[in-house]
Amino acid sequence: MYLKLALRNVRKSLGDYAIYFITLFAGVAVFYAFNSIEAQQILFDIQQDDDVFKSVSEFMGLFSYVVAFVLGFLVIYANGFIVRRRHREFGTYLTLGMSTRGVTLVMLIETLLIGLVALVLGIAAGFLLSQLLSFATAKLLGTIIQHYQFVFSMGALKNTVLCLGIIFAVVALFNVVIIGRTSIIKLLDNASRQQRVIMRNPIASAIVFVVSIAILAFAYNRLAENGLLMLDDPKFMQATIAMLIGTLLLFWSAAGIVIAIVSRLKAYHRGLTAFTMRQVASRINTAFVSLWAISVILFFAMTVFSTGMGIADALTSNAEKLTPYDCSAPLFQRIDQTLEEEGGNALAAYQSNEGDRVAAIRLADPDWDTYVREAVQLDSYLLVSKSGEGAAYTYDDLLSNSNVPMSEALASITNNETPVTMQKLSQYNATMRMIGQTGLTLGHDEVAIANTIDFAQAQADDLVSSHAHVSYGGYELTVACGTSVEESNTAMGSVGLVIIANDDIVDELAANDQAIYSSSYLNFMFVTNDADANDQALSRTSQRCEDAYSESWPLEATLTQQEMLSQALFLRMLVTYLAVYIGFVFLIAVTALLAIRQLSDVSVSLPRYCTLSRIGTDEHDIQRSLRHQVELYFLAPLVVAICHTAWSINVMNGSLTAALGVNPANSIALTAVLMTIIYGGYMLITYLVSKRLVKATLAR
């Protein structure tokens, strides 16, 4: 009996279940697709990067807990709307003698039927989506799938079914509590309740509206000053807080100010315009906190989706160019000062070998030359005295010779008082020759500018073309040429306006306390390409150096080319997938909430539409008013979110993405398409369901 009744109810209430079903269907599809990433590994012949797929899958699995929570919340929220819509029906069941348990069981069967269909269709859609993800993964890897095959992930299926099972269990408990605690009288009387129309004082609305615009202008200005580069900068925190407060006040006041303006127009008194505007204003005034939260989440989702993929691509697309050495062993601290503080064997070895790291390594590990073909040391010096109180040559001094203004990105990593770095010509040339490039030739009073940072390249080119002068330590030097060689394996361009000078100049500046030894890079090439054997040998060498000297010198951390490429691949896949995952899930979440909220408002406003019908209003005019209400209600948070997103992308483009060579146009276009499909689709479905509710009410 219960099953037959549930089947009849599902057929009768398909419109009520539309948002519920679509949300569940989309959530299942995305949940399955992104949890099946690890299974795609069999399509690619990249055994050396097995851990990349595993690591990305683990991260996506962790984030899937958040997705499961969001999906569960949406299902419960949508279920709550359905329960409220059917209070009178449930009250009738109880009046006719059905037990609370029976009503709950009917509701549970209906939920399971809808959920089962959504699960089957969602898994099918997720399976197809996962196949598309395979090709997206191939593009990220820069490879092609030689032998394509359909891949079905049993692990993703189990996780999806388990997630849905838990959600349905919570929904069943929710229904038991709601129906069990609500009296029959309240259930039967629910349909007669109407939402009170809330209108705000137009003067108060105008004042708050102006204040909100001023606060948002302050937030935009602070964000522009921050450049979205330093998230721990107080300006970023100020911009974030101001944006949240300004947006909240905007939604509190917008309806009142719009009504005050529109009511003075002649069109306001035509047809159902007044009714439509007051309905929308009342809903916004009632739910301004919800609309504020939805707008903020929309802004976050669109920004992440629009910029995440482009930045990931920019940071990793040149991975091979940025890792020209088989292995790098950087030392970033003031090693001479560190060893003086530590004392012991390391200091003695450092002094006896005159800072030559390779010589010290050979003494500690006689097997070094059996697996290392070539090794070159590249030391860096800061043009400042040890005490920091003497003369210094800063970026302000260097860039005073350039007519190109400093970009925000360059300004964020340096300041007027940062000393410029200088390196020896012999070591730099040896580094260049090791990777097959021709070394530099400089006159005695000539220097070169080394730079691999995109957003400082304009300044570097200008210094070279103008043959800028470098006056420091009694030397008058001229910039003769430029170069762009990475000084070690790195994740992104890291050489920013470094001066390459003849060895005797660097030595004399150091001897006169006008330059300090700041860091050292040891780059080397292996004899063979056997990654496992090289890793074992390198680990052995590190241990022998630590036993002979210390943890600080001559070998501390090592970055092999394979490690860096794997990290770049991991970062690219993770950021891209998370950007899509977060953007899609959050978009589904806020749009579904908006749709359910709108349907709830329409449901409690049904008596008003009946009144309009009784006084002779044409049904076509009522439906048009309803369509305008849905459109305005959906567009209000979207327009605000688009404004925030556009400004954030503009700021990021000026400070970072343009400097990295990222063109956000493709990502923005993809975001627009996704927004049109999902946001527009939910808006259309909401209107159709609302229209059905109103039409059914008027027909009674």
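Residues numbered from 1 in each chain as written. Predicted model: local features only at pLDDT ≥ 70, side-chain atom pairs only at ≥ 80, totals over all residues. Heavy atoms only, no water.

Hey, could you run me through the overall build of the protein chain in this one?
Looking only at helices and strands, one finds 26 helices and 9 strands in the protein chain. Residue burial in the protein chain is summarised as follows: out of 700 residues, 52% are buried. A sequence separation of at least 24 residues applies to 86% of the contacts in the protein chain between residues at least 6 apart. Looking at the protein chain as shown, the accessible area adds up to about 31,900 Å², and 61% of this sits on carbon and sulfur atoms. (Helix = DSSP H or I, 4+ residues; strand = E, 2+ residues; numbered from the N terminus. Buried < 20%, exposed > 50% of the residue type's maximum accessible area, 1.4 Å probe, protein only. Contact = heavy atoms within 4.5 Å. Areas by Shrake-Rupley, 256 points an atom, 1.4 Å probe, with all protein chains shown as cover.)

Looking at this structure, how should I read the nonpolar core?
For soluble globular proteins, the rule of thumb is that nonpolar side chains tend to be buried together. Ranked by size, the top nonpolar core spans 106 residues in total, and within it Tyr20, Leu298 and Tyr581 carry the most contacts. Top contributing element to this core by residue count: helix 23 (residues 561–604), with 20 residues. Leave out the neighbours within four places in its chain, and Leu298 touches Leu587, Val590, Pro637, Leu638, Ala641, Met675 and Tyr679. Formed by 29 residues, the second largest nonpolar core is a distinct cluster that contains Leu383, Leu398, Ala456 and Ala460. (Core = buried A, V, L, I, M, F, W, Y, C linked by side-chain atoms within 4.5 Å.)

Is there a simple way to think about the side chain of Gln623 in this case?
Along the chain, Gln623 turns up in helix 25 (residues 619–657). By relative accessible area, Gln623 is classed as buried at 15%. Those residues in contact with Gln623 that lie beyond four places of it in its chain are Tyr687, Lys691 and Lys695.

Where do I start with the pairing of strand 2 (residues 372–382) in this structure?
On any regular strand, side chains alternate: one points to one face of the sheet, the next to the other face. As paired strands, strand 2 and strand 8 (residues 516–526) are joined by 10 bridges and run antiparallel to one another. Counted as the bridge partner of Tyr381 is Tyr517 from strand 8. (Pairing = 2+ DSSP bridges.)

Explain a nonpolar patch on the surface here, please?
On the surface, Leu116, Val117, Val120 and Leu121 cluster together into a nonpolar patch covering about 350 Å² of accessible area. Along the chain, Leu121 turns up in helix 5 (residues 100–141). (Patch = residues over 30% accessible without salt bridge, like charges linked within 9 Å, V, L, I, M, F, W, Y side chains within 5 Å. Salt bridge = Lys/Arg side-chain N within 4 Å of Asp/Glu carboxyl O.)

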